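Observations on chain architecture
Here is what each chain is made of, one letter per residue.
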Amino acid sequence: MAALRCRAVDCAQLRRQLELSKAYDASRKITPDSGKSGFLLVPINSDVLLPPLSEDVERVEAVLPASATAIAKHHTPYQTLLRDLQQFVLDLHLSPNAAVVGSEAMPVPRRWEQHGDLVLLSDSAFAQPAWQPVCQHAGFWQQVATSLRCQRLAVKSVIADTLTRDAQVSLKVGDDGWVTQTDNGIRCTWDVTTCMFSAGNITEKLRVAKLPCEDQVVVDLFAGIGYFTLPYLVHAKAACVHACEWNPHAVEALKRNLELNGVQDRCIVYQGDNNQVAPHGVADHVNLGLIPTSANSWATALRCLKPCGGVLHVHENVTTETGETDKQAWGRFGDALIAQLKMMDDETASMTIQHIECVKSYAPRIYHMVYDVAVTRAS
């Protein structure tokens, strides 16, 4: 490969000349000439006409290493993280050997969530015993953040098995966990260290956004940070949403999000158990967006509907049993749902399933479903 040999003191000026004429090959490194002290080898594009050069500059053929820019360009984020952590272990003489990094004993994460300048790793990231002495080094988490090109880094665990479904996240790099993102024209902010966010519900959010809710009232029994409250207000144009949420951290984020989207005047927030604080007899629609089940609030949802009735949007994880198809399982649960709702309400009420939506596969043979149940009561 072509290169120019020049004195080290002249290298910067030569490089500028070559860059202006597009003759400089940025994919390779400027390298000391091992055969001539005080001289450097500057990579060039052999198919580009060279500018006038000093007599001290000599054209040669040389194999030069790839530049850091070229390496980064052809590496995936995972490959960059793997390479940097191998080097981190090697430089600090940490045990185990750098060659083990990326093996089954010390796997390097291949996936993560990115929220602006914050990367959120799963609870399995660097959790193996062999990683522990490395993770305890003061510069480890900063190295991970640098490799992933983020300013803040956090590691999450499973959602807490509590009634308020608190997030369990440890912030490793950065001062706070507040992030902001925009989906379908809706701005949303939350603290990843205290609030749950489900990116997998996007199809249901889009469906809710298209519901014809003008001049109608919605009660959202599990509002969270506004996953469905905001689409009802911003896109479905609901006249008013009564949003119930008992996690105080989520309530803080919800109120911020209402203001971010300019819809705070059309939403009333109730902090507490929806079975105790939800308004009765006001709703055209009641959203029950809790999985694996919202069954503990079905009776409350029926009381929230207007005397003439309305529509319940019931979320549930439905399991397909051995010997039945998915559609059979979904229909089986729908029949059971209607039967239970009738027992909780006026027996003369008419209840039909208007729509069944499969949001996502939650686990093998387990599906996150939404059932739109129309309730009509005798006036």
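Residues numbered from 1 in each chain as written. Predicted model: local features only at pLDDT ≥ 70, side-chain atom pairs only at ≥ 80, totals over all residues. Heavy atoms only, no water.

1. Thoughts on the packing of aromatic side chains
The tally for this structure, following the rule as stated, stands at 9 aromatic pairs. Arranged with centres 4.8 Å apart and planes meeting at 85 degrees, the rings of F126 and W131 form a pair that is edge-to-face. Residue class for W131 comes out buried when judged on its relative accessible area of 0%. Their ring planes at 75 degrees and their centres at 4.9 Å tell us that F140 and W141 sit as a pair that is edge-to-face. (Phe/Tyr/Trp six-rings, centres within 6.5 Å; stacked < 30°, edge-to-face > 60°. Buried < 20%, exposed > 50% of the residue type's maximum accessible area, 1.4 Å probe, protein only.)

2. Some words on the pairing of strand β11 (residues 217-220)
Burial along β11 is two-sided: V217 and V219 and V218 and D220, pointing in opposite directions, are all buried. For β11 and strand β12 (residues 240-245), the ladder comprises 4 bridges, and the chain directions are parallel. Looking at the pairing, V217 lines up with C240 of β12. Tracing the backbone out of β11, into helix α7 (residues 229-234) and back to the parallel element β12 gives a crossover that is right-handed. Both β11 and strand β14 (residues 285-288) contribute to a ladder of 3 bridges, which runs parallel. For D220, the partnering residue across the bridge sits in β14 and is N287. (Helix = DSSP H or I, 4+ residues; strand = E, 2+ residues; numbered from the N terminus. Pairing = 2+ DSSP bridges. Right-handed = clockwise from strand over helix to strand, strands pointing away.)

3. Details of the pattern of salt bridges
Where charged atoms from two side chains of opposite charge come close, those side chains can pair. As enumerated under the stated definition, the model contains 16 salt bridges in all. The residue D10 makes a salt bridge to R7 at a minimum N-O spacing of 2.9 Å. You can call D10 partly exposed: its relative accessible area is 25%. Here R152 and D117 are joined by a salt bridge, their closest N and O atoms 2.8 Å apart. One end of the pair, R152, is in strand β7 (residues 152-156); the other, D117, is in the loop between β5 (113-115) and β6 (118-121), with 35 residues separating them in the sequence. Judged by its relative accessible area of 12%, R152 falls in the buried class. Overall, the relative accessible area of 33% leaves D117 in the partly exposed class. When salt bridges with common partners are traced through the structure, they connect R5, D33 and E58 into a single cluster. (Salt bridge = Lys/Arg side-chain N within 4 Å of Asp/Glu carboxyl O.)

4. A few points about the nonpolar core
By size, the foremost hydrophobic cluster in this structure holds 34 residues, and its most contacted members are W190, I225, Y232, V241 and L258. Elements that contribute at least two residues to this core include exactly β6, β9 (178-183), β10 (186-191), α7, β12 and α8 (248-260). Here V241 is in contact with V218, D220, T229, Y232, L233, R266, C267 and I268, once residues within four sequence places are set aside. Counting residues in hydrophobic clusters, the runner-up holds 30 residues, among them C304, L305, F333 and Y367. (Core = buried A, V, L, I, M, F, W, Y, C linked by side-chain atoms within 4.5 Å. Contact = heavy atoms within 4.5 Å.)

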